[in-house]
Amino acid sequence: MTPNITTTRSHWQALQATWDRSDALFECVEPDRLYERPVQLRHPLAFYVGHLSAFASNMLFQGLLGYGAPDERLDHLFAFGIDPDETEGTPESLTLPGFDEICAYRQGVRSALLKNADAIDAVETDDIMSRDGRTAWMVLEHEVMHHETLLYLMHELPVEFKRPGLVSRAKPGPRLVQNERVLVPASALHLGVDLESTDDFVWDNELGPHSVGVPSFSIDTTPVTIQDYRVFIDSGGYRDRRWWTTEGWEWRERNAITRPKDWTDSNRGLKVRSMLETHPIDSVEGWPVCVSQVEAHAYAAWKGGRLPTENELRLIRNGGAPCHPGIDDISKSAALDFRVGSPMPVGCQPDTGHHLGVRELVGNGWEWTSTVFAPYPGFNNYIDSYPGYSKDFFDGKHYAVVGGSWATDLRLARPGLRNWFRATYPYPFTKFRVCYDA
């Protein structure tokens, strides 16, 4: 149990609630399976028990107080995760301590942080990260980002190794609304947050107020469903080089990929895996299909369209208005924040749409774009204790995703937040829709 703190400061209270959710997530896996690597490109699940505490320790003790943490050896061991690249082979496995030792380390870090909460909050420097609890909020957002990472890693474990708990069982069903194509008029889009004008924590890639013009385009009102995607497969889409990027085709051939990774054969036909069950594919045909960016690109090309850009999706969601760091009304009712435990049939949440009729821009899956993740003009990696958060991924290999999934924390669904994955990384909870030049 996480120790309590009597302070009313919201960042500490929120951090304790986040720790409780972390613990509940790990309890969804049978204890003897925590040292497995369900995704070989990532560390074992047990690593992340230590990693979350190491990040908090390194940022709040070393980064703010400037002196030693409870266990600097384990702080170092658990400091860094992996940016997965399957072309580089399976990363070397770490030698991890026993689970009791990792849990004791976690508890020691948490207790020490709460004991030093007043000292941490009293730090006054020229660094903006020492104000308004920003470093604590950064630690919290890092942890809830990893909640989603943990879930898509756990998703790869056989269902018998997991147990119900924080994650609820899936809700199958057909799509509830039909897709249409709508025209989005050309407009100016205002992006980027001014760091000095907000007391809220924002990541470095969100900064840099600027405006861009977005030409008119047409877009599907709903994400592509499993039912839609089956038509692409049945038409030979995975065998036709015309629809694929060079990277995507090489990835498909290298791994002998013929369908989405969550679709499995059985003697009763195709099934789709959710976190805790497998479902006959006909029963979940209304779910948004979850595929990599290169698979989404191939489908869009086959349909005679393309993936939308990051700016096009942001224009529809924000209506061109300036980004702000708070949570908007769309996010408060979307399939986000563990309100459900799987994708929902497309159309389940009609109140998360836009006045043009474009639905589900937020929640139910991060939405793939065709935009290579890159900095805004005047990029400033202002977080001295974490200078590589974004910069390390401005490599031309990562693509922007927008909107959030059912496993995305509500804080991360703010209009200006930016996220990204490799084009051939099929594990995150994603969706996509097709866009067309006007």
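A brief report on the enclosed structure follows. (Residues numbered from 1 in each chain as written. Predicted model: local features only at pLDDT ≥ 70, side-chain atom pairs only at ≥ 80, totals over all residues. Heavy atoms only, no water.)

A look at empty space enclosed by the protein
Alright, step 1. What the rule picks out here adds up to five cavities of 30 Å³ or more.
Alright, step 2. A volume near 220 Å³ is recorded for the largest cavity.
Alright, step 3. Here the residues of the lining of the largest cavity are counted per class, giving 12 nonpolar, seven polar and two charged. (1 Å grid on protein atoms, 1.4 Å probe; cavity = no way out; pocket = protein on both sides within 12 Å on 5 of 7 lines; lining within 4 Å. Points joined across faces, edges and corners; volume = space filled by probe spheres on them. Nonpolar A, V, L, I, M, F, W, Y, C, P; charged D, E, K, R; others polar.)

A closer look at the pattern of salt bridges
Alright, step 1. For the coordinates displayed, the defined rule picks out 27 salt bridges.
Alright, step 2. For the salt bridge of Asp282 with Arg230, the shortest nitrogen-to-oxygen distance reads 2.7 Å. Taken together, the positions of Asp282 in the loop between β7 (278-280) and α9 (293-302) and Arg230 in helix α7 (residues 226-234) put the pair 52 residues apart, joining distant regions of the chain.
Alright, step 3. Exposure remark for Asp282: the relative accessible area of 52% places this residue in the exposed category.
Alright, step 4. Ionic pairing is found between Glu310 and Arg418, a salt bridge with its closest N-O pair at 3.0 Å. Here Arg418 lies in the loop between β9 (398-402) and β10 (419-422) and Glu310 lies in helix α10 (residues 310-318), a separation of 108 residues in the sequence. (Salt bridge = Lys/Arg side-chain N within 4 Å of Asp/Glu carboxyl O. Helix = DSSP H or I, 4+ residues; strand = E, 2+ residues; numbered from the N terminus. Buried < 20%, exposed > 50% of the residue type's maximum accessible area, 1.4 Å probe, protein only.)

Some remarks on the state of the cysteines
Alright, step 1. Tallied over the entire structure, the rule returns zero disulfides.
Alright, step 2. Distance from the sulfur of Cys28, which forms no disulfide, to the nearest cysteine sulfur (Cys103) is 15 Å.
Alright, step 3. Residue class for Cys28 comes out buried when judged on its relative accessible area of 9%.
Alright, step 4. Cys348 takes part in no disulfide bond, and the closest cysteine sulfur, belonging to Cys290, lies 17 Å away. (Disulfide = S-S within 2.5 Å.)

Notes on the layout of surface pockets
Alright, step 1. Put simply, the largest pocket is a space of about 1,100 Å³.
Alright, step 2. What lines the largest pocket is a set of 36 residues, among which His142, His146, Tyr386, Tyr389 and Phe393 lie closest to the centre.
Alright, step 3. Those elements giving two or more residues to the lining of the largest pocket turn out to be α2 (45-65), α6 (134-154), α12 (388-391) and β10.
Alright, step 4. The leading source of residues in the lining of the largest pocket is α6, at six residues.
Alright, step 5. The class makeup of the residues in the lining of the largest pocket is 20 nonpolar, 10 polar and six charged.

Quick notes on the nonpolar core
Alright, step 1. If you look at the biggest cluster of nonpolar residues, it comprises 109 residues, and the most contacted ones within it are Leu113, Leu151, Tyr229, Tyr382 and Phe432.
Alright, step 2. If we ignore the near neighbours within four places in the chain, the residues touching Tyr382 are Ile128, Met129, Leu195, Phe201, Val202, Trp203, Asp204 and Leu207.
Alright, step 3. Grouped together as the second largest cluster of nonpolar side chains are 21 residues, Val214, Leu315, Leu361 and Ala413 included. (Core = buried A, V, L, I, M, F, W, Y, C linked by side-chain atoms within 4.5 Å. Contact = heavy atoms within 4.5 Å.)

Considering the packing of α2 against helix α4 (residues 99-115)
Alright, step 1. Here α2 crosses α4 at 25 degrees, and the two axes come no closer than 9 Å. As far as their axial angle goes, α4 and α2 are roughly parallel. Where α2 crosses over α4, the handedness of that crossing is left-handed. Listed contacts from α4 to Ala46, Val49, Gly50, Ser53, Ala54, Ala56, Ser57, Leu60 and Phe61 of α2 are Phe99, Ile102, Tyr105, Arg106, Val109, Ala112 and Leu113. (Axes fitted to C-alpha atoms, helices over the stretch in contact; angles between N-to-C directions. Parallel < 35°, antiparallel > 145°, perpendicular 65-115°, else oblique. Left-handed = near helix turned anticlockwise from the far one by under 90°.)

Some thoughts on the sheet that holds strand β4 (residues 217-220)
Alright, step 1. Ordered by their spatial adjacency, three strands build an open sheet running β1-β4-β12, and the pairing between neighbours is antiparallel. Across the chains shown, the open sheet's two edge strands, defined by having one partner strand only, are β1 (181-184) and β12 (435-437). Here the average twist between neighbouring strands, direction ignored, is 25 degrees.
Alright, step 2. Sheet topology places β1 next to β4; four bridges connect them, and they run antiparallel. Following the sheet pairing, Leu183 is matched in β4 by Ser218.
Alright, step 3. Across the sheet, α10 is in contact with β1, β4 and β12; its angle to β4 comes to roughly 75 degrees. (Pairing = 2+ DSSP bridges.)

What to know about the sheet that holds strand β11 (residues 430-431)
Alright, step 1. The strand order across the open sheet formed by four strands is β10-β9-β8-β11, and the pairing between neighbours is mixed. The open sheet has two edge strands with one neighbour each: β10 and β11.
Alright, step 2. Bridge count between β9 and β10: four bridges; the pairing is antiparallel. Residue pairing across strands places Val401 opposite Asn419, the latter belonging to β10.
Alright, step 3. Running at roughly 130 degrees to strand β8 (residues 366-372), α10 makes contact with β8 and β9 of the sheet.

Honestly, that's just the spatial picture; any functional story needs more than this.
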